[in-house]
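Spelled out, the chains give:
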Amino acid sequence: MSALAAAPAILEAKGLSVRFGGLFALNALDLTVRRGEVLGLIGPNGSGKTTFFNVTSGIYPAAAGTIVLDGRDITREPAHALAGLGLARTFQRSRLCLPLSVFDNIALGAQERLPQGVIDNLLRRRTLTRTVAALAEEARDLARLFNPDLAQRLDEPAVALGMIDRRRVEICRALIGRPKILLLDEPSAGMTHDETNQLIDEILDVQRSRGDLTVIIVEHEMGLIERITDRCVVLNYGRKICEGHFREVAADPTVREAYLGHS
Amino acid sequence: MLMRHRSTQDEVPRDALPMAAGVRARRTSDFAVFAAVVAACAGAVAFLVHAEDQRLVLSTLVACGIAWFAAARFRVIAAVERGAAGHPWPTRLVLVVACLGILVVLREDNFGLLMLATVLIYATVCLGLTIQLGYAGLSNFCAAAFLGCGGYTAAALGQAEGIAIPDLAGILLGGAVAVAIGSLLVLPLLRTRGHYAALTTLAFGVMFNVFLDANEMLGGPQGLKLAPITLFGWDFSNDLSLFGMTFSFYANYVLLCLALTAAALALVGLLDRSWIGIRLDAVRLDEVAAQVFGLRIARWKILAFTLGNVLAGMAGAIYAKMTGFIAPNNFTLGDSLMMVSIVILGGIGNRWGVLPAALIVVLLPEKLQFIQEYRLLLFAVLVILVLVLSPSGLLPRRTRTLVAGRQA
């Protein structure tokens, strides 16, 4: 903990607000995430957790405030530029390209390394074979971290996979771009309790093996949050209401009130 | 279960280990199946195009339909695909031989050759639509307008006094003009999605028609006449004599259209098996996720739209030169819808499906004259029937398998 507290900030939001008409989905949020930390972002439904992910990954514009990623202001960067700056995410509802093969889905996350030009793509076929071979190797290694069986199924359409494997492929797609920070939006959604625990263990293994990978996780399952996060931030109505280790946060009366309402 | 079965076949190691004898034998037999099916299809095409007796046409069609579904049912189509994918160059050779065979059989049938060339023109436009609609997911309900752009470019070049532009340049220019006029649509197309994008292109197609009707310089509703193509000194209005046989002059156009269609097929194939193909698929399937993973949506949409329009424009220039006369009513909304229906009937995103679908859509209304006004009704019923029996088209698109290599 103390080592983490001293680590430099990798993501820093200052006075961040997002508005939908008259509603503040995020209201002057200050949030600092340190390098290598696993941060849990929790709060009741509609408290602004996913909105924070969406504004950070450039899908929503910020109404006010700034977001700094590894020393660089990314508040106004378009979504497609952020992957190249080291930000990757998953989605609450699994968003794989289901008719495409597992490999195609994972390779999409490695945009920075894929040839961009039309001539390069269409006429330099050797570049294609080479990039496919390199990425297939990498995709296989990544998939093996999660499930050795998955590594054998790279050419199968993603639609043939079960929910837990789809989640794994989504995380592989995010990791193959070698991000500095990974945003996980409710990885447990649509899975059983056991599957969730298994997936989380795998995520933790990957995170530890990658040293300085920072993870922000939005999750409703508190047992899971308690087990894996170094620190938690609690949101309610777009505001930060509490911050600290899970045990401190869980004991906080404002948090209890936000979740359970007045008794 | 089906999936599982397919995957176990795919897992046969191909590069690392020496190929098992059984696998090699199966690949060879797959290729034999492929060659036999191509020969049968070529025979059926030549017969259908040539046949005059309407009952014969109808019964052949029914037989083809039954054969098709039997082939799909007993995995013959899958074997054909494997056979073709396993031997790329022999496959091309077989296809060229089949095309030349059809040409030899129909060598004196003017109307048949004209129809065949028209089928190829439509197939080329639909390959463009495959890039736009099938890959990038861009609705384009004005493909006929881009065909018209190419046609009217060729016609206008012929009208111009004193400047002689070679016909090859005219065809390329047709593609360029289609792209230039299409660029007017880029902004609305990037800002709309789904039904809204469809409506935008629909409106554009109608606008294009009204513009042609009103424009005196482009002949108004009467249209324009065109001279035949002269390519590298060879006048396309001359009959061809080859190997002691005389081919109707329309064979010139069929050969030119074949070349264009082959080029389009190659382009679409290269695109599909490239990183651009994967990106276009991602843009179609999930724009938000694609964006988050670093894709510039606008860039890939514009590329797909442009490539599709080039093909339509070039096909249009050849089409106009071939028929020798064009008018606004060659490029109506109905034609655009027909092109979209070809893509859907063939199997969205499968470049080979476009060929049989274009054949059905172009040929059938011509061949079934005997029921007069009801022929379009019968045609519509047939399209619905195919889609009921095989909802993803005649040749559904397969999952791209880059890791296993070409042997999908």
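Throughout this description, residue numbers start from 1 for each chain and increase along the sequence as written. Numbering of ligands from 1 and lettering of chains from A proceed in the order in which they are written. Only residues with pLDDT of at least 70 get local features here, since the model is predicted, and only at 80 or more are side-chain atom pairs given and counted; chain-wide, interface and lining totals rely on the full set of residues.

So, about helix α6 (residues 125-146) of chain A. Residue and element names in this part refer to chain A. Starting at the N terminus, helices and strands are each numbered in turn, a helix being any DSSP run of H or I of at least four residues and a strand any DSSP run of E of at least two. For a helix, the expected span equals 1.5 Å multiplied by the residue count minus one. An ideal rise of 1.5 Å per residue puts 32 Å on 22 residues; α6 measures up with 31 Å between its terminal C-alpha atoms. Exposed residues have 12 or fewer other C-beta atoms within 10 Å of their own C-beta, buried residues have 20 or more, and residues in between are partly exposed; the C-beta atoms are placed from the backbone. Residues of α6 that are buried include every one of L128, L135, A139, L142, A143 and F146, and no others. With its buried residues spanning 90° around the axis, α6 presents them on a single face. Structural note: α6 exposes R126, T129, R130, A134, E137 and D141 on the side pointing more than 90 degrees away from its buried face. Within this analysis, the arc is defined by the directions that extend from the helix axis to the C-beta atoms.

All names here are of chain A. Per the annotation, domain bounds derive from an automatic or database assignment of domains. Here chain A is described as being made up of domain 1 (1-86 + 179-263) and domain 2 (99-176). Taking only C-alpha atoms into account, the centre of domain 1 sits 27 Å from that of domain 2. Two residues qualify as a contact pair if the distance between their C-beta atoms, derived from the backbone, is within 7 Å. Domain 1 puts 13 residues into the contact, and the matching count from domain 2 is 11 residues. Looking at the side of domain 1 that touches domain 2 element by element, the count peaks at six residues for helix α9 (residues 193-209).

Right, let's talk about the interface of chain A and chain B for a bit. Interfaces are frequently sized by the accessible area removed from exposure as the parts join. Residue-level contacts link 36 residues of chain A with 29 residues of chain B. Of all the secondary structure elements, the ones that give two or more residues to the side of chain A that touches chain B are α3 (79-82), α4 (102-107), α5 (118-122) and α6 of chain A. Of the residues in the side of chain A that touches chain B, the class split is 20 nonpolar, eight polar and eight charged. Amino acid classes used here: Ala, Val, Leu, Ile, Met, Phe, Trp, Tyr, Cys and Pro are nonpolar; Asp, Glu, Lys and Arg are charged; the rest, including Gly, are polar.

All names here are of chain A. Burial runs high along strand β7 (residues 181-185): five of the five residues are buried. Neither face of β7 is exposed, since I181, L183 and D185 on one face and L182 and L184 on the opposite face are all buried. Seen with the strands pointing away from the viewer, any crossover whose path from the first strand over the helix to the second strand runs clockwise is right-handed. In this fold, β7 hands off to α9, which returns the chain to strand β8 (residues 214-218); that crossover is right-handed.

What follows concerns the sheet that holds strand β2 (residues 23-34) of chain A. All names here are of chain A. At least two bridges found by DSSP between two strands are what make those strands a pair. Read across the open sheet, the four strands follow the order β2-β1-β4-β5; overall the sheet is antiparallel. In this open sheet, the two edge strands, each paired with only one partner strand, are β2 and β5 (72-73). Pairing of strand β1 (residues 9-20) with β2, which is carried by eight bridges, proceeds in the antiparallel orientation. Within β2, the position partnered with L16 by the bridge is L29. To get an axis, a line is fitted to the C-alpha atoms, and for a helix only the part in contact is used. The angle between two axes follows their N-to-C directions and goes from 0 to 180 degrees. Strand contacts of helix α2 (residues 49-56): β1, β2 and β4 (64-69), with the helix running at about 70° to β2, the strand carrying the most contacts.

The next point concerns the packing of helix α8 (residues 163-175) of chain A against α9(A). Residues and elements named next belong to chain A. At a minimum axis distance of 11 Å, the contact between α8 and α9 shows a crossing angle of 20°. The orientation of α8 relative to α9 falls into the category roughly parallel. Crossing geometry of α8 relative to α9 is assigned as right-handed. Of α9, the residues touching α8 (which contributes I164, R167, R168, I171 and L175) are E195, L199, I203 and V206. Partitioning the contact of α8 with α9 into residue classes produces six nonpolar, no polar and three charged. Angles below 35 degrees are treated as roughly parallel, those above 145 as roughly antiparallel, those between 65 and 115 as roughly perpendicular, and all remaining angles as oblique. It is the rotation of the near helix from the far one that decides the hand of a crossing: anticlockwise by less than a right angle makes it left-handed, clockwise makes it right-handed.

Residue and element names in this part refer to chain B. Running from amino to carboxyl end, helix α11 (residues 275-285) crosses helix α13 (residues 297-323) at an angle of 110°, the nearest separation of the two axes being 10 Å. The pairing of α11 with α13 is recorded here as roughly perpendicular in orientation. Contacts from R279, L280 and V283 in α11 reach I297, W300, K301 and A304 in α13. Of the residues in the contact of α11 with α13, the class split is five nonpolar, no polar and two charged.

As for its position among the elements, Q111(A) is in the loop between α4 and α5. Judged by local crowding, Q111(A) falls into the buried class, with 21 C-beta atoms found within 10 Å. Taking C-alpha positions, Q111(A) is 14 Å from C172(A), a pair spaced 61 residues apart along the chain. Residues contacting Q111(A), with those up to four places away along its chain left out, are A83(A), G177(A), F293(B), G294(B) and L295(B).

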